[in-house]
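Tertiary structure, described
As a plain string of letters, each chain reads:
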Amino acid sequence: MSFKKRPIELKNKKILIVGYGGVGQSLAKRLIGFEVDLSTLNDKKRPKTSMIKNSYLYDEYKKAFANQDVIFFTLPLTHKSKNLLNSKSIRYVK
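My aim in this report is to walk through the structure given alongside it, one point at a time. Everything quoted here is computed from the prediction, not taken from an experiment.

This brings us to the overall build of the protein. What the protein contains, in helices and strands, is two helices and four strands. Counting from the amino terminus, helix and strand elements in the protein follow one another as β-α-β-β-α-β. Computed over the C-alpha atoms, the radius of gyration of the protein is 14 Å, within 12% of the 12 Å expected from 2.2 N^0.38 for a compact globule of 94 residues. C-alpha extents for the protein along the principal axes are approximately 40 × 30 × 20 Å. Across the protein, every contact between residues at least 6 apart in sequence was considered, and the portion connecting residues at least 24 apart equals 45%.

Take a look at the structure:
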């Protein structure tokens, strides 16, 4: 098997999980083994844990998207989440 582009190494990367419900929390547990710097973006403030460096609310997306190496979207499509990633918000992604 050959790759046209080499996959990125996750170690020491800044990762944002958008939607920190059941799926987002399961993903976070698995990512910790890669020694990543984890942040979350959610509709409600969640208590910080030893795994999560920063926790942002949806209206803080500009700050949350900035300087992230990888962004995972693990949230359901709802009225609130529908336009989180659009032509306006994508400008803030590294």
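Nonpolar side chains tend toward joint burial in soluble globular proteins. Core analysis: the biggest nonpolar cluster contains 11 residues, these being L10, I15, I17, Y20, L27, A28, L31, V36, L38, I52 and V70. When residues of this core are traced back to their parent elements, those giving at least two are β1 (14-18) and α1 (22-31). Discounting chain neighbours no more than four positions away, the residues touching V70 are I8, L10, K14, I15 and L16.

Taken together, four strands build an open sheet; the order of strands is β3-β2-β1-β4 and the sheet is parallel. This sheet does not close on itself; its edge strands, each paired only once, are β3 (52-57) and β4 (70-73). This sheet shows a mean twist of 20° between the axes of neighbouring strands, independent of strand direction. As judged from the five bridges shared by strand β2 (residues 37-42) and β3, these two strands associate in the parallel manner.

The rules behind these values
- Residues numbered from 1 in each chain as written.
- Predicted model: local features only at pLDDT ≥ 70, side-chain atom pairs only at ≥ 80, totals over all residues.
- Heavy atoms only, no water.
- Helix = DSSP H or I, 4+ residues; strand = E, 2+ residues; numbered from the N terminus.
- Rg over C-alpha atoms; globule rule 2.2 N^0.38 Å.
- Contact = heavy atoms within 4.5 Å.
- Core = buried A, V, L, I, M, F, W, Y, C linked by side-chain atoms within 4.5 Å.
- Buried < 20%, exposed > 50% of the residue type's maximum accessible area, 1.4 Å probe, protein only.
- Pairing = 2+ DSSP bridges.
- Axes fitted to C-alpha atoms, helices over the stretch in contact; angles between N-to-C directions.

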